[in-house]
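# Chains, contacts and geometry: an overview
Listed below are the residues making up each chain.
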Amino acid sequence: MKPILFITQKLPTEAVAELHDVYEVRMWPEEERNAPREKLLEEVKEAQALWTMLGDQIDRELFELAPHLKIVVNLAVGYNNVDLDAAREHNVIVTNTPDVLTETTADLTFALMLATARRLVEAERTVRNGEWQAWTPMGMTGQNVHGSTVGIIGMGRIGEAVCRRAQGFNMEVIYHNRTRKSLEDADYAELDDLLKHSDFVVILAPLTEQTKGMIGERELALMKDTAILINCGRGGIVDEQALYEALNSNAIWGAGLDVFEQEPLPLDHPLQTLSNLTVTPHIGSATVQTRYAMMELNKKALLACANSKPIKNRVC
Ligand code: DGY
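Small disclaimer: the values here were computed from a predicted structure and weren't measured. (Residues numbered from 1 in each chain as written. Predicted model: local features only at pLDDT ≥ 70, side-chain atom pairs only at ≥ 80, totals over all residues.)

## Notes on the pairing of strand 11 (residues 254-257)
Judged by which residues are buried, strand 11 turns out to be covered on both faces: Gly254 and Gly256 on one side and Ala255 and Leu257 on the other are all buried. In this sheet, strand 11 lies alongside strand 10 (residues 228-231) in parallel orientation, the contact comprising 4 bridges. Looking at the pairing, Ile230 lines up with Gly256 of strand 11. With respect to chirality, the unit in which strand 10 leads through helix 10 (residues 240-248) into the neighbouring parallel strand 11 is right-handed. (Buried ≥ 20, exposed ≤ 12 C-beta atoms within 10 Å, placed from the backbone. Helix = DSSP H or I, 4+ residues; strand = E, 2+ residues; numbered from the N terminus. Pairing = 2+ DSSP bridges. Right-handed = clockwise from strand over helix to strand, strands pointing away.)

Have a look at this one:
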C-alpha cells in the first residue's frame, strides 16, 4: 500500500504526476479555495505527507490528529502558518521553497514601489473612466523613485535583490535587520532612523514574535509625510488600523501592500476606501516560472521522503 499524500489545493497535473508512483495522491479539487479545515483534519488522520499552502493553518491540533504524518511541504518561503514547535514534537519534517522566488518577489516589490509612487492604478482608472480631461501641470503627480532613499526592513535574500534593483535607480539604501550584514551597497540603520530618513519603507521581514505589530502608530508617525510604505513581507507586521489612519490623514503619502492581516482582504475593510493605497492579492512569487520552480522543490522533498533520501529545504 502506498503512503497517502494530501494536497490542500488543486495543483497543475504535471506538477503532481511523478508523485503518483510513490504516493496515493489525494488532492482537493478546487484551485480558488483551500480544502476546508474539517476536510484537512479528516485527511491528516491517514496521511503520511501533506502539501500545504499559506492559507492552511498547520497547528498543534492538526499534528495531534496525525499519527502517520512524516512531512509537510509548504508552497512558500514563509512558514508562519506552520507551528514548528508542534511539528518538532511530533517528529514531522517541514520544508519550504527558498531562493527560487527571490528575484520574482523583488520584482513585485519594485513594481509596487513604482505603481504607488507614480499612482499607476489611479491613473489607469482615470483613463478608462473617461475622466482624463486634459494634460495638467500638477495632474496625477507622484513621487520620484530614482534618487530617493529606500529603507529595507528585513534584509534577507529578497531584501538584497531589491537593493540590487535600487542601484539601477540611483537610490540610497539603508536597512534594518536582526543581524548586521556587511553589504557594499546598503548601510545598517536603527529602526527609528530608517523610518525618519526613508522615502520608501519596504517591509520584507518574516512574521515572527519579534516582527508582529512592528510598524504601528508610533512608527508611522516617524515617517516623512512624503514617504511610501511597502509591505511584501507579512500582514501582521503592520498595524492596519494605524496604517489606515496614517494614510487617511495624509500623515504618510502612500502605501503598497501585497500582504494583509486577513487574506483575502475583505471588501468592506477600511483600507479598501483609500486612493493613496495600492493593493495586490499576495502575488509576490506569482510568475508561471517561479510557481513551477517552487512546486518542483516541494515535489523533490516529497519524493526524497518517500524514498528515504536526504530532504532539502528543511525548516525543521
Ligand atoms: C512566500 O513564499 O512566503 C510568499 O509570501 C508567497 O508569495
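Having put the structure on the table, let's press on.
## Notes on the site of the ligand
Around the ligand sit Ala76, Val77, Gly78, Leu101, His282, Gly284 and Ser285, and that is every residue in its neighbourhood. Across the shell around the ligand, the residue classes break down as 3 nonpolar, 4 polar and no charged. (Near = placed C-beta within 6 Å. Nonpolar A, V, L, I, M, F, W, Y, C, P; charged D, E, K, R; others polar.)

## Side note on the nonpolar core
If you look at soluble globular proteins, the nonpolar side chains tend to sit buried side by side. In this structure, Ile152, Val202 and Ile203 are the most contacted members of the largest nonpolar core, which totals 50 residues. When residues of this core are assigned to their parent elements, the largest contribution, 7 residues, is made by helix 5 (residues 102-117). Those residues in contact with Val202 that lie beyond four places of it in its chain are Thr109, Val150, Gly151, Ile152, Ile153, Val162 and Ile230. Core analysis: the next-biggest nonpolar cluster, separate from the first, contains 37 residues, Ile7, Leu19, Ala66 and Ala76 among them. (Core = buried A, V, L, I, M, F, W, Y, C linked by C-beta atoms within 7 Å. Contact = placed C-beta atoms within 7 Å.)

## As for the sheet that holds strand 10
Pairing is parallel across the open sheet formed by 7 strands, whose spatial order is 8-7-6-9-10-11-12. The strands lining the two open edges of the sheet, one partner per strand, are strand 8 (187-188) and strand 12 (277-279). The pairing of strand 6 (residues 149-153) with strand 7 (residues 172-176) spans 5 bridges and is classified as parallel. Opposite Ile152, over in strand 7, you have Tyr175 as the bridge partner. Lying on the sheet, helix 7 (residues 157-168) is in contact with strand 6, strand 7 and strand 9 (200-203); it crosses strand 6 at an angle near 170 degrees. (Axes fitted to C-alpha atoms, helices over the stretch in contact; angles between N-to-C directions.)

## Describing the UniProt feature "domain: D-isomer specific 2-hydroxyacid dehydrogenase NAD-binding" (unreviewed entry) in the protein chain
Here, the residues flagged by UniProt with the feature "domain: D-isomer specific 2-hydroxyacid dehydrogenase NAD-binding" (unreviewed entry) are residues 110-284. The distance from the first to the last C-alpha atom of residues 110-284 is 10 Å, and the span holds 29% helix and 15% strand. (UniProt positions renumbered as here; feature names shortened; annotations may be inferred.)

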